[in-house]
Amino acid sequence: MKIKRFEDLECWKEARVLVKMVYDAIKANLDLSKDLRFSGQFSSAAVSSMSNIAEGFARETDKEFLRGLWISKGSAAEVQSLCYAALDQKYLTKNRKEAIYNQAEKVSQLVSGLIKYLNKSARQR
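Reference entry: report on the structure contained in this document. Small disclaimer: the values here were computed from a predicted structure and weren't measured.

Below, the discussion takes up helix α1 (residues 10-28). One full turn of an α-helix is made of 3.6 residues, so residues set three or four places apart face in the same direction. End to end, α1 covers 27 Å across 19 residues, agreeing with the expected 27 Å (1.5 Å per residue, within 8%). Within α1, the full set of buried residues consists of C11, W12, E14, A15, L18, V19, V22, A25 and I26. Take α1 and look down its axis: the buried residues cluster within an arc of 160 degrees, on one side only. Opposite the buried face of α1, at more than 90 degrees from it, the exposed residues are R16, K20, K27 and A28.

Laid out in structure tokens, this is it:
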């Protein structure tokens, strides 16, 4: 299947799920939603993971797409790190922290797979 739009990318779809999970967590905890700096960082990291996949794809070169994917991967790791801070502040339950952390890991693994694919196809040209 030829990928024609960023919405066709599995990693983007899963990053979108991650964004929803983070926003749902913010809405579910009054203390987290009141901590504007932290909740802003948490949501920004998730949105960055999703958005950089789309932005890199739209640039239409493998080099720029790879750059966006690496940024996306870094943002997913930032979400994972922030999960620990949110857990420590009792903004997240252990179960919710694990769910968000695991979703960020899923995004990271899908992005890594796409990075490997693009690097391999570039070498074969």
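That shown, we press on.
Turning to unusual backbone geometry, a few remarks are in order. For E60, which is not glycine, the phi torsion reads 65 degrees and is therefore positive. If you check the backbone angles, K90 has positive phi at about 65 degrees while not being a glycine. A relative accessible area of 69% means that K90 is categorised as exposed.

This part takes up empty space enclosed by the protein. Over the atoms rolls a probe the size of a water molecule, and its path tells where empty space is left. On inspection of all chains with the given rule, the structure shows 1 cavity of 30 Å³ or more. Size it by volume and the largest cavity reaches roughly 50 Å³. Along its surface, the largest cavity is lined by N52, E55, G56, R59, E64, R67, G68 and I71. Broken down by element, the residue count for the lining of the largest cavity peaks at 4 residues, all from helix α4 (residues 62-88). When its residues are assigned to classes, the lining of the largest cavity shows 1 nonpolar, 3 polar and 4 charged.

This part is about the packing of aromatic side chains. Enumeration over the complete set of coordinates arrives at 5 aromatic pairs. Seen from their ring centres, F38 and F42 are 5.9 Å apart, and the 40 degrees between their planes marks the pair as tilted. A residue pair is termed a helical-turn pair when its members lie 3 or 4 positions apart in one helix, as F38 and F42 do in helix α3 (residues 36-58) at 4 residues. Accessibility classification places F38 together with F42 in one group, the buried group. On the basis of an interplanar angle of 55 degrees and a centroid distance of 5.7 Å, the ring pair of F38 and Y91 is categorised as tilted. Here Y91 lies in the loop between α4 and α5 (94-123) and F38 lies in helix α3, a separation of 53 residues in the sequence. No difference in accessibility class separates F38 from Y91, as the two residues are buried. These aromatic residues form a ring-pair network of at least three members: F38, F42 and Y91. The ring of Y101 carries K97 above its face, with NZ or CZ at 4.8 Å from the centroid.

What counts and how
Residues numbered from 1 in each chain as written. Predicted model: local features only at pLDDT ≥ 70, side-chain atom pairs only at ≥ 80, totals over all residues. Heavy atoms only, no water. Helix = DSSP H or I, 4+ residues; strand = E, 2+ residues; numbered from the N terminus. Expected span 1.5 Å × (residues − 1). Buried < 20%, exposed > 50% of the residue type's maximum accessible area, 1.4 Å probe, protein only. Arc of directions from axis to C-beta. 1 Å grid on protein atoms, 1.4 Å probe; cavity = no way out; pocket = protein on both sides within 12 Å on 5 of 7 lines; lining within 4 Å. Points joined across faces, edges and corners; volume = space filled by probe spheres on them. Nonpolar A, V, L, I, M, F, W, Y, C, P; charged D, E, K, R; others polar. Phe/Tyr/Trp six-rings, centres within 6.5 Å; stacked < 30°, edge-to-face > 60°. Lys NZ or Arg CZ within 6 Å of the ring centre and 35° of its normal.

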